[in-house]
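Structural characterization, general
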Amino acid sequence: MVRCAVTRLRLLILVLMLLPPAAAAQASERLVAAISGQVAADDPHEARTGADFQYYEHVFDTLVTRDGFGVAPRLAKEWTSPDNRVWSFQIDPAARFADGRPATARDVAYSLCRYQTLTRRMGREILGLTRVAAEPGGRVTLTLAAPYRLLPAALSLVFIVAAPADAGGGPLGCDPEEVRAGRGTPQLGSGPYVPASDPSPPAQKVLLPSPACWRDCSAWTRVVLWSAADARDRLRLLVTGEADIMEDVIPVHLPYITRLKGVALTELPTDRTLLLTFNLRPTLPDGRPNPVADIRVRRAIALALDRHVLVERGLEGFAGPAWQLAQSGMEGYLSDRPLTIRPDPAQSRALLAEAGFASGLELELLLPETRITDRPRVADALGGMLRAIGIALTVTPVPAAESRARVAAGDFQVMFAGLGLTAGSAMEGYAAVAGAAEKDSASNPSGYRNPALDTLLLRARGAEPRDIPLLTRQATAILDADLPMIPLMHIRDLVAYRAGLSLHARDTARAFGRIASPATADAGGVRGDD
């Protein structure tokens, strides 16, 4: 199958390379990015996927933005907190919404209230706001239920929208009932773009420059985010000149792309990890016992894994084996944790026999079609490892929306899940994949909850940086013992683009309309041909 696929790919490349080059005149007028995800959320405060954030980052600003694993000002010029529980943010007086009106503290208060209301509607509690006060002079003060040291990093995911004239009040700055009734209605942002009003194909999101842009203003008269889940389709769009940027280059395409005239490659910042997650519920919806609810089965699977082989066979080496959530340089990275664990198939088979599966068992691997988890070659390599210990793995690709529905119903056994460590913190990652607040969500689909872990996670939210290594070590020990999930690999982020562009990214949002500009002396590519 792989050989046939490679042959088809070679024929595709030969055909594409014979096509006439696209007209360069459009390049200075519009930017087209072939993206791998499909925008799923119809409201900026319900954004969950990478594609959601990628789109809304063009239209809206946040109080702060990512700068590597730290944060930098955006709508807020500065912020302070005496105790990590009460925070004060000073809004930049230059900020303007797309209709020209100033972005004020009242807009920020309304947005934070709206965000918390809608995330609670989805069963999540992230910020823990108890009061939001818009004050004179463009200052907004937030009071939390408990200290949260990394609040600014969390706010880098909260989009600020213009408050309606009848926004209501209350301690948080909005009327929750009105917010819930109005979810999904168009919101006004202060980002450098506005959605185009003219109709466009379902796979395309078209953006125009904001008439009142105040920062990161567009070099383009039109930006198109063109969703194409299949990497071959994104490659075709790039080579034919229909797209200027192709995200999520897959390793099998690298030998061909590096030979294409006028195409450059670059690696963007990434904080993403691919996880193998287990359903810990004792029975499945159809009443059958769930084998992976038994810790011995999960340990057998863990002992069968060779992460280096998964990386080499699944992504041709273009990833890093993951032995923990955090990467080097992140808060909570455990430098003394083993960087390799030798697989032990014999011990795996012994554990399966002890659990009552001496003759083997069959499992289904759910493969959500998202940017991080759509890794069929990794799934094939994983299947080979499990087959060696008597587990027959059936791989089932599913659309992202269907995977979320199956998670909510507990209708899976094992699945690939993805995580981005937005705050650059291991404990924040643990809160997402194993904390009570995210239980039964796309990031914590296992249904796992451990009160001891939740206590550590709560302490970490307000802890001093010097206390984080010990808390991380204790949390890691709990998760090593319970195995609700297994980190597999840290994903690298390759983008191909026409050589007439420069890409400058300091965060992981991939808002190409913000980070792409016509080429300068600094080309920013790993490789490119003139």
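Residues numbered from 1 in each chain as written. Predicted model: local features only at pLDDT ≥ 70, side-chain atom pairs only at ≥ 80, totals over all residues. Heavy atoms only, no water.

**Some details on the pairing of strand β18 (residues 391-398)**
Look at any regular strand and the pattern is simple: side chains alternate between the two faces of the sheet. As a reminder of what qualifies: By definition, two strands form a pair when at least two bridges between them are found by DSSP. Strands are runs of DSSP state E lasting at least 2 residues, helices are runs of H or I lasting at least 4, and numbering of each runs from the N terminus. Seen with its strands pointing away from the viewer, a crossover is right-handed if its path from the first strand over the helix to the second goes clockwise.
Across 8 bridges, strand β17 (residues 361-368) lies against β18 in parallel orientation. In the sheet register, L361 faces β18, and the bridge partner there is I391. In the classification by handedness, the crossover that spans β17, the intervening helix α11 (residues 376-387) and the parallel β18 is right-handed.

**Concerning helix α13 (residues 426-434)**
Here is the rule we go by: With a 1.4 Å probe rolled over the protein chains alone, any residue whose accessible area is under 20% of its type maximum counts as buried; one over 50% counts as exposed, and the rest are partly exposed. Any two residues having at least one pair of non-hydrogen atoms within 4.5 Å are treated as being in contact. Throughout this description, a polar contact denotes any pair of N or O atoms lying within 3.5 Å of each other; where both atoms belong to protein, one of them has to be capable of donating a hydrogen while the other can accept it, and for residues adjacent in sequence the pair is counted only when both atoms sit in side chains.
Of all the 9 residues making up α13, 7 are buried; the element is thus mostly covered by neighbouring parts of the structure. Of all the positions in α13, only A426, M427, G429, Y430, A432, V433 and A434 are classed as buried. Its buried side turned inward, α13 meets β15 (272-278), β19 (414-420), α14 (451-462), α15 (468-482) and β20 (485-491). Two or three places before M427, at the start of α13, stands the capping residue S425, its side-chain oxygen 3.3 Å from that residue's backbone nitrogen.

**Examining the nonpolar core**
Our working definition: Definition used in this section: a nonpolar core is a set of buried Ala, Val, Leu, Ile, Met, Phe, Trp, Tyr and Cys residues joined via side-chain atoms within 4.5 Å.
Of all hydrophobic cores here, the largest spans 69 residues; its most connected members are L63 and I245. Looking at this core, the element that brings in the most residues is helix α3 (residues 105-121), giving 8 residues. Beyond its immediate stretch of four places on either side in the chain, I245 contacts L31, V32, A33, A34, L238, V495, A496, Y497, L501, L503, F512 and A516. Formed by 63 residues, the second largest nonpolar core is a distinct cluster that contains I301, L351, L421 and M427.

**Examining the sheet that holds strand β16 (residues 319-321)**
The pairing of strands in a sheet comes from backbone hydrogen bonds and takes either a parallel or an antiparallel form. Note the following rule: Note on geometry: axes are C-alpha line fits, over the in-contact stretch for helices, and angles between N-to-C directions span 0 to 180 degrees.
With mixed pairing, the 6 strands of this open sheet are ordered in space as β16-β20-β15-β19-β17-β18. Two strands close off the open sheet at either side, each with one partner strand: β16 and β18. Averaged over all neighbouring strand pairs, the angle between strand axes comes to 30°, with direction disregarded. Note: β15 against β20, 5 bridges, orientation antiparallel. When the sheet's bridge partners are listed, T277 is paired in β20 with M485. Where helix α9 (residues 307-315) meets the sheet, its contacts fall on β16 and β20, and the angle it forms with β20 comes to roughly 50°.

**With respect to the environment of H58**
Structurally, the position occupied by H58 is in helix α2 (residues 50-59). Accessibility expressed as a relative area gives 0% for H58, which makes it buried. Sequence spacing of H58 and S190 is 132 residues, and the spatial spacing of their C-alpha atoms is 9.2 Å. In contact with H58, not counting residues within four places along its chain, are G191, P192, Y193, L207, V223, L225, A511, F512, G513 and R514.

**Some remarks on the state of the cysteines**
As a reminder, the rule being used: Cysteine sulfur atoms that come within 2.5 Å of each other are treated as a disulfide pair.
Evaluated as defined, the whole model comprises 2 disulfides. Disulfide pairing places C113 opposite C174 at an S-S distance of 1.8 Å. The disulfide joining C113 to C174 has a torsion of about -65° about its S-S bond and is therefore left-handed. Taken together, the residues C113 in helix α3 and C174 in the loop between β9 (159-160) and α5 (176-181) connect sequence positions 61 residues apart. The exposure class assigned to C174 is buried, which follows from its relative accessible area of 6%. Across a sulfur-sulfur distance of 2.2 Å, C213 and C217 are joined as a disulfide pair. The sign of the S-S torsion, about -110°, decides the handedness of the disulfide formed by C213 and C217: left-handed. Relative accessible area serves as the criterion here: at 46%, C217 is assigned to the partly exposed category. For the protein chain, the disulfide bridges join cysteines in the arrangement 1-2, 3-4, where the cysteines are counted in sequence order.

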